[in-house]
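# Working through the structure, step by step
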Amino acid sequence: MALSGIQIYKLLPQTNCKDCGYPTCLAFAMKLAAKQAELSSCPHVSEEAKAQLSEAAEPPIRLVTLQADGHEIKVGNETVLFRHEKKFFNKPGLFIRVRDTDPAEDIRAQVAAADSYRVNYVGMALSLDGFAVEATSGDPGAFASAISAVRAASARPLILISRDPAVMAAGLRAIDGESPLICGADAANWQAMAELARQHNAPLAVLGNSLDELAELTEKIKETGVKDLVLDHGARSLGAALIRQTQIRRLALKQNFRPLGFPIIAFAGNDAPGGQAVMAAQAIAKYAGFVVLDSFAPETVYPLLVLRENIYTDPQKPIQVQPALYEINNPSPEDPVLVTTNFSITYFSVANEVESSGLPAWLLVTDAEGMSVLTAWAAGKFDAERIAKAVKGFNVADKVSRKRLVLPGHVAVLSGELEEELPGWEIRVGPREAVDLPAFMKQAL
Amino acid sequence: MPVDIPKDKWPGAVRTITLGATPAEGGTRARTVTVGGEKALPYMHFEAEMPYRPVIALEIKDRRPDDWSPLLLEEWGEAASDPASWAKAAEAAGADLLVLALSLTGADGQPTTPAAAVAAAKAVLAASGLPLIVFGPGQAEADNTLLLAVAEATKGERLALGICEDKNYRTIVAAALANDHLVTARTPMDVNLAKQLNILISDMGLPLDRILMDPTTGALGYGIEYGYSVMERLRLAALQGDAMTQFPMIVTPGFEAWKAKEAKVGQGVPAEWGNWRERAITWETLTAVTLLESGADIVVLRHPESVRRVRAAIDDLMTAPVTA
Ligand code: B12
Ligand code: SF4
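Each value, and the rule that gives it
- Residues numbered from 1 in each chain as written.
- Chains lettered and ligands numbered in written order.
- Predicted model: local features only at pLDDT ≥ 70, side-chain atom pairs only at ≥ 80, totals over all residues.
- Heavy atoms only, no water.
- Helix = DSSP H or I, 4+ residues; strand = E, 2+ residues; numbered from the N terminus.
- Rg over C-alpha atoms; globule rule 2.2 N^0.38 Å.
- Buried < 20%, exposed > 50% of the residue type's maximum accessible area, 1.4 Å probe, protein only.
- Contact = heavy atoms within 4.5 Å.
- Near = heavy atom within 4 Å.
- Polar contact = N/O pair within 3.5 Å; in protein donor to acceptor, adjacent residues only side chain to side chain.
- Nonpolar A, V, L, I, M, F, W, Y, C, P; charged D, E, K, R; others polar.
- Axes fitted to C-alpha atoms, helices over the stretch in contact; angles between N-to-C directions.
- Parallel < 35°, antiparallel > 145°, perpendicular 65-115°, else oblique.
- Salt bridge = Lys/Arg side-chain N within 4 Å of Asp/Glu carboxyl O.
- Pairing = 2+ DSSP bridges.
- Phe/Tyr/Trp six-rings, centres within 6.5 Å; stacked < 30°, edge-to-face > 60°.
- Lys NZ or Arg CZ within 6 Å of the ring centre and 35° of its normal.
- Patch = residues over 30% accessible without salt bridge, like charges linked within 9 Å, V, L, I, M, F, W, Y side chains within 5 Å.
- Areas by Shrake-Rupley, 256 points an atom, 1.4 Å probe, with all protein chains shown as cover.
- Lys, Arg positive; Asp, Glu negative; His and termini not counted.
- Charge placed at Lys NZ, Arg CZ, Asp CG, Glu CD.
- Expected span 1.5 Å × (residues − 1).
- Arc of directions from axis to C-beta.
- pLDDT = per-residue confidence, 0-100.
- Domains from an automatic or database assignment.
- Buried area = accessible area lost by both parts, 1.4 Å probe.

## A few points about the overall build of chain B
Helix and strand counts for chain B stand at 11 helices and 10 strands. What you see for chain B is a C-alpha radius of gyration of 19 Å, in line with the 20 Å of a compact globule of 324 residues. Burial statistics for chain B: of 324 residues in total, 62% are counted as buried. Across chain B, the fraction of contacts at a sequence separation of at least 24, relative to all contacts at a separation of at least 6, is 70%.

## Quick look at the site of ligand 1
Near ligand 1, the surroundings consist of 36 residues, among which T340, T346, S372 and E433 of chain A together with M189 of chain B are the closest. Those residues lying near ligand 1 are distributed over chains A and B. Within the backbone of G370 of chain A, an N or O atom sits 2.9 Å from a nitrogen atom of ligand 1. In this structure, a nitrogen atom belonging to ligand 1 sits 3.2 Å away from a side-chain N or O atom of Y226 of chain B. Looking at the shell around ligand 1, the elements with two or more residues in it are β14 (337-341), α12 (344-357), α13 (373-378) and β16 (404-407) of chain A together with α8 (253-259) of chain B. With five residues, the top contributor of residues to the shell around ligand 1 is α13 of chain A. Of the residues assigned to the shell around ligand 1, the class counts are 21 nonpolar, nine polar and six charged.

## What about the site of ligand 2?
Close to ligand 2 lie P13, T15, N16, C17, K18, D19, C20, C25, F28, C42 and P43 of chain A, which account for all nearby residues. Here the shell around ligand 2 is built from residues that sort into seven nonpolar, two polar and two charged.

## What about the packing of helix α9 (residues 238-255) of chain A against helix α10 (residues 276-285) of chain A?
All names here are of chain A. Contact geometry for α9 and α10: axes closest at 10 Å, N-to-C directions at 10 degrees. Regarding the angle of α9 to α10, the classification is roughly parallel. Across the interface between the two elements, L238, A241, L242 and Q245 of α9 pack against V278, M279, Q282 and A283 of α10. Here the residues of the contact of α9 with α10 are counted per class, giving six nonpolar, two polar and no charged.

## Concerning the pattern of salt bridges
All names here are of chain A. Going through the model one piece at a time under the given rule, you end up with 39 salt bridges over all chains. In this structure, the salt-bridge partner of E134 is R97, at a minimum N-O distance of 2.3 Å. Of this pair, E134 sits in strand β6 (residues 130-134) while R97 sits in strand β3 (residues 93-99), placing them 37 residues apart in sequence. Close ionic contact of E369 with R386 constitutes a salt bridge, the shortest N to O distance being 3.8 Å. Of this pair, E369 sits in the loop between β15 (361-366) and α13 while R386 sits in helix α14 (residues 384-393), and the two are 17 residues apart along the sequence. With a relative accessible area of 37%, E369 lands in the partly exposed category. Among the ionic contacts, a cluster of salt bridges with common partners joins R97, R99, E134 and D294.

## Observations regarding the side chain of H303 of chain B
Residues and elements named next belong to chain B. Structurally, the position occupied by H303 is in the loop between β10 (298-301) and α11 (304-318). Only 3.4 Å separates the side chain of H303 from the side chain of E75, close enough to count as a polar contact. Not counting residues within four places of it along the chain, the set of residues in contact with H303 comprises L58, L72, E75, W258, R277, I281 and E284.

## Remarks on the pairing of β10 of chain B
Residue and element names in this part refer to chain B. Covered by surrounding structure in β10 are I298 and V300 together with V299 and L301, the residues of both alternating faces. When strand β3 (residues 55-61) meets β10, the two strands line up parallel, connected through four bridges. The residue bridging A57 from the neighbouring strand is V300, located in β10. Bridge count for strand β9 (residues 250-251) against β10 is two bridges, and the pairing is parallel. Opposite I250, over in β10, you have I298 as the bridge partner.

## Some points on the packing of aromatic side chains
Scanning all chains against the criterion turns up 11 aromatic pairs over all chains. Note on Y302 of chain A and W283 of chain B: the rings are 5.4 Å apart at their centroids and 40 degrees apart in plane angle, and the pair reads as tilted. With one member in each of two chains, Y302 of chain A in helix α11 (residues 298-311) and W283 of chain B in helix α10 (residues 276-293) form a pair that bridges those chains. By relative accessible area, Y302 of chain A is classed as buried at 1%. Overall, W283 of chain B belongs to the buried group, its relative accessible area being 0%. Taken together, the aromatic side chains of F88, Y287 and Y312 of chain A make up a single cluster linked through ring pairs. Against the face of F88 of chain A rests R249 of chain A, its NZ or CZ located 5.1 Å from the ring centre.

## Observations concerning a negative patch on the surface
Residue and element names in this part refer to chain A. Residues E385, E417, E419, E420 and E421 make up a contiguous surface patch of negative charge. A total of four residues in the negative patch trace back to one element, the largest contributor, which is helix α16 (residues 415-421). Its place among the elements puts E419 in helix α16.

## Details of the sheet that holds strand β7 (residues 182-186) of chain B
Residues and elements named next belong to chain B. One open sheet holds the eight strands; their spatial order is β8-β7-β6-β5-β4-β3-β10-β9, and the pairing between them is parallel. The sheet terminates laterally at β8 (211-214) and β9, the two strands that pair on one side only. Packing against the sheet, helix α3 (residues 114-127) makes contact with β3, β4 (97-101) and β5 (132-135), and its axis sits at approximately 165 degrees to β4.

## Some points on unusual backbone geometry
Residue and element names in this part refer to chain A. With an omega dihedral of 0 degrees, the bond running from C183 to G184 counts as a cis peptide bond. Phi angles above zero are rare outside glycine, and D69 is one such case at about 40 degrees. Even without being glycine, N201 reaches a positive phi, approximately 50 degrees. With respect to the secondary-structure elements, N201 resides in the loop between α7 (190-200) and β9 (204-207).

## Remarks on helix α6 (residues 165-174) of chain A
All names here are of chain A. Along α6, the positions that sit buried rather than exposed are V167, M168, A169, A170, G171 and L172. Turning to α6, the residues buried within the fold contact α5 (140-153), β7 (158-161), β8 (181-185) and α7. Where α6 begins, the capping side chain belongs to D164, and its oxygen is found 2.9 Å from the backbone nitrogen of A166.

## Describing helix α8 (residues 211-223) of chain A
Residues and elements named next belong to chain A. Relative to the 18 Å expected for 13 residues at 1.5 Å per residue, α8 spans 19 Å between its end C-alpha atoms, a close match to the ideal helical length. Residues of α8 that are buried include every one of L211, L214, A215, L217, T218 and I221, and no others. Looking straight down α8, one finds that the buried residues subtend no more than 165 degrees of arc, so they occupy a single side. Where the residues of α8 are buried, they touch β8, α7, β9, β10 (229-232) and α9. Trailing α8 by a residue or two, G225 shows a phi angle of about 100 degrees, which is positive.

## Description of the confidence of the model for chain B
Note: predicted coordinates in regions of low pLDDT should not be interpreted at a detailed level. When the pLDDT values of chain B are averaged, the result is 96; 99% of them are 70 or greater. Among the scores for the predicted complex, ipTM is 0.94 and pTM is 0.91.

## Things to note about the domain arrangement of chain A
Residue and element names in this part refer to chain A. Assigned domains within chain A: domain 1 (5-57), domain 2 (64-311) and domain 3 (324-444). Summarising the inter-unit geometry, the C-alpha centres of domain 2 and domain 3 are found 45 Å apart. Contacts between the two partners involve four residues from domain 2 and, on the opposite side, four residues from domain 3. Roughly 270 Å² of surface becomes buried between domain 2 and domain 3 when both sides are summed, with 71% attributable to carbon and sulfur atoms. Here domain 2 and domain 3 share zero salt bridges between them. The interface formed by domain 2 and domain 3 contains zero residue pairs in polar contact (both at pLDDT 80 or more). Among the residues making up the side of domain 2 that touches domain 3, the classes are represented as two nonpolar, two polar and no charged.

Here it is, written out as structure tokens:
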């Protein structure tokens, strides 16, 4: 949490010597608080005050970055409890777990499938972030070869899971030079694990079965110089995980409680109540930084990737597309003009339907300030006047020989007015849902 | 290191509302359902006991629907052709209560008559002892005539009648008032609109323990984030003491999710969407669970497997250790 000007002033020499270029220490402190000045401008500030000020300038939830071969995932650095207060910033990483007791071919196949998985949602290509390899066998050699098998099939960031420092060391050697998330340290092994994290310059997950234990461990580990920590609160059921994650987030944000000011790692097991997707969905909405799924299946991962986009959109800015006249399947001047709004979800529902049907059409996207058809209509941002303006603005009449315009079924009421606004145009009312557009285009147009 | 866990202390609480009436209470229901009463954010048991668990309603129709996903019709089979059989099947599938959603027209394409609506409601009440919510077809005039007839024919049952919207609440509220029913008040994802409608309804004299509010939601991928945040804001307002937001919330993730292409159809969709049935159920389940965690008290679902999963989630959320 940022310090106020007065709090900063108390840490300054208070001599008003003006060497910083400001008339008083207080004036300088105010500029610092407003982030309009640099602390280094004061040559007299003590080392101790410097340390305190730089600690205070750190975000309440540390930003932790996991990298590998061009892939990067940043988590933490969140500032609010509820997305409507501002927004959630760093999307949690979604990882798929494999176990070193699984046969190597299975690991390779599962990882290759998950690694290449890419799905389109409103024009964005969504994918998974990496893999978590778990040393279920307890055997260093088996762990190392499982990690090598994963690495052979994917270049994405890794999480290594073992509580045995010897096993972890073997795993780290298998990908020498990399800095995976080490998962992790507990009350028994933390010194050895912290040493491994230091050697490999890797972030370290810390497991505590109560918040007391967790806070105590992170404080001890920080003293060893390892700063990139991730919290595993140990709760594996839905209800307990929700409570712990909420408590951690509140402590970090509302009380600036440093020992728990780190991103959270959540595990969504296949045996979670309601299934792993439910557990992962909760983790996405409720404060996790890393989410580890037990297995990969497109029908589970796709909904989760979409949920993550939804929860992390900026509540003040709907995702939009550029208003324009779009061409779908190379339309000719004979083909119909379909009208819609520039809300991304709306645009892509319509564009995807028409595109996959193979039928050519012009898609006129009006500027409805990023709202859906009915929302924009209700808000007065999608009416006959605006549609007519778009028809003229994008010179639609020059592109088509047959002046036919299809309205979304939900705004059939606009057709009369639109006929008046656009003399010479044939106004047709399409179906309500985009799914029914191809059939309508085939039969009715 | 002992951590001092901060606890929110809220001045307000959500009202407690009971749906359905047993014979002793003037109805015919085998049991009633009580929701609300929250004094903290959802499932924060370490701050305040959550006296009533959120409940799951299954949506059934007065006749075989024309526009439901084939997955749903296949799942319910013949039961979906008859409201009484459907009600029984829904109860067997684990619903806590039922939503009977009236169709605008009968199978013959003619407008649903008040007599037909009453017959369907009566058949459902006879077939199942669960409390019942009845939704009109969603067109002002039809809603008014059908719901009025149903309300009169089921006096004393403490049904919830919906959907009251700003332009169409008077007749429905009057019908509820005269016949000892409840209403559901729906507004399009806006805290102030929700408050306003609740004020209008309570101004008509309907007791406050007979109002449920439906803040409207979108499905996963289709606007869920708006519904999610409005529900969080409404619940925060309720806990902060704003009386006109202190109503239990009902939402319809089943209706919304099954409208989405991801759930509705299995053909002509990208291969990356994976197995249709599992994807559809996950779509509905995730929409529902996400909304439960933002404060929903009643979720209305459509698929029995979603009911099973959402129930497992609620069970676990409700039994989380108080000191977790
Ligand atoms: C999310 C949402 C919002 C969000 C905005 C999201 C956005 N960026 O648009 C928020 C919360 C901001 C909002 C606000 C309002 N909303 Co609003 N909102 C919704 C909600 C829940 C979903 C809308 C949505 O995203 N749908 C998904 C998109 C993809 O649908 P779509 O654009 O219609 O596109 C589909 C079809 O139309 C068709 N289609 C699209 N283009 C074309 C083109 C052709 C040619 C064809 C054939 C088909 C076609 O294909 C698509 C898929 O099938 C709906 C209720 C619901 N569940 O539907 C209410 C709803 C649209 N809102 C409504 C209202 C009244 C409002 C407000 C006016 C309320 C208020 N006073 O505050 C405001 C207006 C905005 C403002 N003043 O700022 C009402 C509209 C009522 C009506 N019939 O007039 C609705 C229906 C809710 C209700 N039942 O009352 N809303
Ligand atoms: S240089 Fe430092 S001590 Fe001097 S006035 Fe500025 S802040 Fe104060």
